[in-house]
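Take a look at the letters that make up each chain.
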Amino acid sequence: MPSEGQRQLPEVTPGVFRLLLPLGIHGIPAVNGYVIADAGAATLVDCGIWTGEAAGRGTRALEDGLAGCGFALSQVSRLVITHAHIDHFGIAGEVAERTGADVWMHELTSLDITKYRDPEAAVDRRQQMLADHGMYGGELDEASSGLRDWMPVMPSIAEPTTRLRGGESFTADGRTWEVIHTPGHSPGHVCLWSADGRILLSGDHLLPAIASPVTFERGFEPDPMGSYLDSLRRVAALDPALVLPGHGEPFPGGARRADAVERNKRLRLERIWHIIETETLPVTEIAERLFGRRLSGSAQHFAMAEVLAMLAYYDVRGQARRLRGPDGVFRWCPIRAS
């Protein structure tokens, strides 16, 4: 553990520090990293993005944050990535190269890593998916190309040295942290749970102010919304006293928040069901009715992809289906019981 004289940042709970790391892309101001202190070493949970131009200084925000906890970058011995979205993962490769840290990531983060190795193919795949569901022209180009904005802030692509499946654990300063697999927001999403104090490092699984987007992406999992709802119930059963989220301020009452988010998602599922019961529609029109307006850019992509995740929820349960119209666009309707 660093001495009191070395610290500038307060602990959010004994032995754990919060780093506020700048983003500024797609309207997201910052991401939280966390430092779990141990004797002479640190476990870093998420790491942010490349934020500088000069060689070797793109990690400055992270290094300054670590210094405020009394650590140098070289003292990071383990890097845990809650999920491989670039805001949480962008400089993981740089951290691993400069520290030799053991990189803990769920085995399903390979889906994101494959996407980053060929981003143009990923953009094309997303564009085709959105076009199949009713989006065209400039709106389609704008909504499908968001990945291009993120690639420059990830100078290298990290590979895990420890591939997680859930249930793994480590001990730091006498406290044990267990890996909880919480798919939904991302197939490879994990949280860290300490039963001592009932503390959850939640990544983007559980946030204080918004319900995390749960999006359908071709080639990933077939039922992300079902996975997310299952993960929320798993976390609620833990009854976290303190949640340390990937964005926003730490907050108490994890079970209460998980229950509220589940109600939010189920309410949207019900609203979508009522929309397609009334009329067979493409996803563009379902999203517009659900959100009350036509969105644009990355917001429109997230709206479309979350509606697709909800329709997939009904699809895998044999309750809804898609029909391709003469214009090549899919439209969705309920499956009526015979």
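Residues numbered from 1 in each chain as written. Predicted model: local features only at pLDDT ≥ 70, side-chain atom pairs only at ≥ 80, totals over all residues. Heavy atoms only, no water.

Novice: Explain the sheet that holds strand β10 (residues 190-194) here, please?
Specialist: Strands in a sheet are paired, the pairing made by backbone hydrogen bonds, and the direction either parallel or antiparallel. Across the sheet, six strands lie side by side as β8-β9-β10-β11-β12-β13; this open sheet has mixed pairing. With one partner strand each, in any of the chains shown, β8 (169-172) and β13 (251-252) form the two edges of the open sheet. Where β8 meets strand β9 (residues 175-181), four bridges bridge the pair, whose relative direction is antiparallel. In the strand pairing of β9, Thr 171 is matched with Thr 176. (Pairing = 2+ DSSP bridges. Helix = DSSP H or I, 4+ residues; strand = E, 2+ residues; numbered from the N terminus.)

Novice: Sorry, what's going on with the side chain of Asp 132 here?
Specialist: Secondary-structure assignment places Asp 132 in helix α5 (residues 119-132). Among residues more than four places away in sequence, those in contact with Asp 132 are Arg 218, Arg 324, Gly 328, Val 329 and Phe 330. (Contact = heavy atoms within 4.5 Å.)

Novice: Just checking my understanding: could you explain the sheet that holds strand β1 (residues 11-13) for this structure?
Specialist: Strand order in this open sheet of seven strands is β1-β2-β3-β4-β5-β6-β7, and the pairing throughout is mixed. Edge strands, defined here as strands with exactly one partner in the open sheet, are β1 and β7 (162-164). The mean angle between the axes of side-by-side strands here comes to 30°, regardless of whether they run parallel or antiparallel. Pairing between β1 and strand β2 (residues 16-25): two bridges, direction antiparallel. Bridging across to β2, Thr 13 finds its partner in Val 16. (Axes fitted to C-alpha atoms, helices over the stretch in contact; angles between N-to-C directions.)

Novice: How should empty space enclosed by the protein be read in this particular structure?
Specialist: Where empty space is left can be seen by rolling a probe of water-molecule size over the atoms. A full pass over the atoms with the stated rule returns two cavities of 30 Å³ or more. Here the largest cavity defines a volume of roughly 50 Å³. If you go around the largest cavity, the residues you meet are Ala 122, Arg 125, Arg 126, Met 129, Glu 217 and Arg 218. Residue classes in the lining of the largest cavity are distributed as two nonpolar, no polar and four charged. A volume near 40 Å³ is recorded for the second largest cavity. What lines the second largest cavity is simply Asn 32, Tyr 34, Val 45, Asp 46, Thr 82, Leu 201, Ser 202, Gly 203, Leu 244, Pro 245 and Gly 246. At the level of elements, β3 (28-38), β11 (199-203) and β12 (242-245) are the ones that each hand at least two residues to the lining of the second largest cavity. Counting residues per element, the lining of the second largest cavity draws most heavily on β11, at three residues. (1 Å grid on protein atoms, 1.4 Å probe; cavity = no way out; pocket = protein on both sides within 12 Å on 5 of 7 lines; lining within 4 Å. Points joined across faces, edges and corners; volume = space filled by probe spheres on them. Nonpolar A, V, L, I, M, F, W, Y, C, P; charged D, E, K, R; others polar.)

Novice: Where do I start with the side chain of Glu 306 in this structure?
Specialist: Tracing the backbone through its elements, the reader meets Glu 306 in helix α11 (residues 297-316). Overall, Glu 306 belongs to the buried group, its relative accessible area being 4%. Separated by 3.5 Å, the side chains of Glu 306 and Arg 268 make a polar contact. In this structure Glu 306 touches Ser 212, Pro 213, Val 214, Thr 215, Met 225, Lys 265 and Arg 268, once residues within four positions along its chain are discounted. (Buried < 20%, exposed > 50% of the residue type's maximum accessible area, 1.4 Å probe, protein only. Polar contact = N/O pair within 3.5 Å; in protein donor to acceptor, adjacent residues only side chain to side chain.)

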